[in-house]
Amino acid sequence: MSHPAAALSSEDRFSRLRLIGWWDQEKLGAAKVLVVGAGALGNEILKNLALLGFANIVVIDLDSIETSNLSRSVLYRSADVGRRKADVAAEAVRNIFPQARIRPITGDVVHGLGLGLFAWADMVLAGLDNREARLWINRACWKLNKPWIDGAIEGINGVARVFLPGVPPCYECTLGETDWAILNKRMSCNLLVLESETAGKVATTPTISSIIAGLQVQEAVKLLHGLPVLAGKGFVFEGLNHTSYRVEYTENPDCMSHHTLESLQAVPQASGDLTLAQLLTRARRELGAQEVTLEFSRDVVHKLVCPACNSEEELFAAVGTVPYARGKCPGCGQPRTVITAHGYTGQESFGRRALDQLGLPAFDVFTARSAEREMGFLMAGDAAQVLGPLASETQASGALL
């Protein structure tokens, strides 16, 4: 008869989890997860990932901790007020699970996150409070063939849903006229930022964030094990009367998100060591064509031109990052015209600019198109800068998709 103390000593950190018949702890430990948002939902997502033994995590958030976060965020303490959310959340994850390799990034997912992070990740979990970021994640995940799991909360209600690449409906398919009207409010007619959404001001409770984040991480575990998930569906938790239910979304055949890159190649140089013209030369060689266009991952404000005094200001900043007030000419005070750049064909004047001088984030993906084919180029030389200790999880060269 075995002694109880001997049985206890044979247990490891995850031995109780392994009692679940289908459980594969090694799959969780090897999975690469991108967590977008470190607020109320993001805290609960990260806590659950750490408890379950997810060891490779990148977390991105733009904000710093405020006192009001302390009632809804399990990873933050009073002494953390004023510090960056991503940094503090990463420290807390390491405290829960010391073996975790977590990389914090302070930035805006729409404008400051290179598509290489989506290529690196096996899945994306989002705890967000605005449609713009969700739409960007949806398009990036479809483009790089990655699943993502969304959560949304308000009051004591919430919804969790799973979107698989290549399997519509997707998040964009769920958007209605009201959603698009809210999205369009942020931008003026000349593509300068007109107003921001009231991000971070949604009324929430720690109870609903724990419920929805728990569902999100549970779906992530099931997805890794090949079990059925809420693909293209949502689970709505209604906290007042507990009339919870599943919703079925409908595919929009004209949805702009439904495109996946045919192939993706890693470029070993860093984006500061390669010009647009040099990348175009490589793209022409790989595609076997001279008529090739390099498309940027997002539109860029090339310059501001004043039609009144003919002055120009070259910017190279992502569309959505230039404030409306910047549109006024500093010389004559008249509104300036925004000139955008969507890519490079070899004819534009900025071919000698290094890739890190275009207003695009590091570790990004450029799409090359000819009449016959397309190919993505990942700036893998930026991996160490962006991923830190997780950079070893990327491939230095060769095909990735």
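Our subject is the structure that appears above.
Let me sum up the structure you'll find in this document. Everything quoted here is computed from the prediction, not taken from an experiment. (Residues numbered from 1 in each chain as written. Predicted model: local features only at pLDDT ≥ 70, side-chain atom pairs only at ≥ 80, totals over all residues. Heavy atoms only, no water.)

**So, the overall build of the protein chain**
And then number 1: From N to C terminus, the protein chain includes 11 helices and 15 strands.
And then number 2: Whereas a compact globule of 401 residues would reach a radius of gyration of roughly 21 Å, the protein chain reaches 23 Å, a difference of no more than 12%.
And then number 3: Counting only C-alpha atoms, the protein chain reaches 90 × 45 × 45 Å along its principal axes.
And then number 4: When burial is assessed residue by residue, the protein chain has 50% of its 401 residues classed as buried.
And then number 5: In the protein chain, the share of contacts with a sequence separation of at least 24, taken over all contacts with a separation of at least 6, comes to 69%.
And then number 6: Carbon and sulfur atoms provide 51% of the accessible area of the protein chain, an area that totals close to 18300 Å².
And then number 7: Computing the positive centroid from 38 side-chain charges and the negative centroid from 43, the protein chain places the two 3 Å apart. (Helix = DSSP H or I, 4+ residues; strand = E, 2+ residues; numbered from the N terminus. Rg over C-alpha atoms; globule rule 2.2 N^0.38 Å. Buried < 20%, exposed > 50% of the residue type's maximum accessible area, 1.4 Å probe, protein only. Contact = heavy atoms within 4.5 Å. Areas by Shrake-Rupley, 256 points an atom, 1.4 Å probe, with all protein chains shown as cover. Lys, Arg positive; Asp, Glu negative; His and termini not counted. Charge placed at Lys NZ, Arg CZ, Asp CG, Glu CD.)

**As for the packing of helix 3 (residues 40-52) against helix 4 (residues 85-96)**
And then number 1: Two elements in contact, helix 3 and helix 4, have axes whose closest approach is 9 Å; the angle formed by their N-to-C orientations is 25 degrees. One finds that helix 3 runs roughly parallel with respect to helix 4. The crossing of helix 3 and helix 4 is right-handed. Contacts between helix 3 and helix 4 pair L46, K47, A50 and L51 from the former with A89, V93 and I96 from the latter.
And then number 2: Grouping the amino acids of the contact of helix 3 with helix 4 by side-chain chemistry returns six nonpolar, no polar and one charged. (Axes fitted to C-alpha atoms, helices over the stretch in contact; angles between N-to-C directions. Parallel < 35°, antiparallel > 145°, perpendicular 65-115°, else oblique. Left-handed = near helix turned anticlockwise from the far one by under 90°. Nonpolar A, V, L, I, M, F, W, Y, C, P; charged D, E, K, R; others polar.)

**Some remarks on unusual backbone geometry**
Trans peptide bonds make up most of the peptide bonds, and negative phi angles are found at most residues other than glycine.
And then number 1: In this structure, the amide linkage connecting P168 to the following residue, P169, adopts the cis form with an omega of 5 degrees.
And then number 2: Residue position: P169 is located in the loop between strand 6 (157-163) and helix 8 (177-184).
And then number 3: With phi around 65 degrees, N310 is a residue other than glycine that occupies positive phi space.
And then number 4: Mapped onto the fold, N310 is located in the loop between strand 10 (293-305) and strand 11 (312-318).
And then number 5: The phi dihedral of F316 is positive, around 55 degrees, even though this residue is not glycine.
And then number 6: Examined against the element boundaries, F316 turns out to sit in strand 11.
And then number 7: You can call F316 buried: its relative accessible area is 7%.

**Overview of the side chain of S73**
And then number 1: Looking at the secondary structure, you find S73 in the loop between strand 2 (56-61) and helix 4.
And then number 2: A residue is classified by how much of its surface remains accessible, and S73, at 4% relative accessible area, is buried.
And then number 3: The contacts of S73, once residues within four sequence positions are left out, are G39, A40 and N43.

**What to know about the pattern of salt bridges**
Any two side chains of opposite charge can pair, on the condition that their charged atoms come close.
And then number 1: Tallying each qualifying case throughout the model produces 19 salt bridges.
And then number 2: Among the ionic pairs, K222 bridges to E219, the shortest N-O distance being 2.7 Å. With K222 and E219 both in helix 9 (residues 206-224), this residue pair falls three residues apart, about one helical turn.
And then number 3: On the accessibility criterion, K222 (21% relative accessible area) is partly exposed.
And then number 4: E313 serves as the salt-bridge partner of R326, at 2.6 Å between the closest nitrogen and oxygen. On the criterion of sequence distance, the pair formed by R326 in the loop between strand 11 and strand 12 (337-344) and E313 in strand 11 is long-range, its members being 13 residues apart.
And then number 5: We classify E313 as partly exposed; its relative accessible area is 23%.
And then number 6: Sharing partners across several salt bridges, the network here consists of D12, R18 and E26. (Salt bridge = Lys/Arg side-chain N within 4 Å of Asp/Glu carboxyl O.)

**Points about the state of the cysteines**
And then number 1: Tallied over the entire structure, the rule returns zero disulfides.
And then number 2: Looking at C141, it has no disulfide partner, and the nearest cysteine sulfur is the one in C170, 11 Å off.
And then number 3: Of the residues examined, C141 reaches a relative accessible area of 0% and is grouped as buried.
And then number 4: Residue C255 stays outside any disulfide, its sulfur separated by 3.5 Å from that of C170, the closest cysteine. (Disulfide = S-S within 2.5 Å.)

**Remarks on the nonpolar core**
And then number 1: With 46 residues, the main nonpolar core has V35, L46, L49, F54, I57 and L125 as its most contacted residues.
And then number 2: Where this core is concerned, the elements lending two or more residues are strand 1 (32-36), helix 3, strand 2, helix 4, strand 4 (123-127), strand 5 (148-154), strand 6 and helix 9.
And then number 3: Among all residues touching L49, those that are not within four sequence positions of it are V33, V35, F54, I57 and V217.
And then number 4: Judged by nonpolar contacts, the second largest core, of 39 residues, contains A119, W120, L183 and L264. (Core = buried A, V, L, I, M, F, W, Y, C linked by side-chain atoms within 4.5 Å.)

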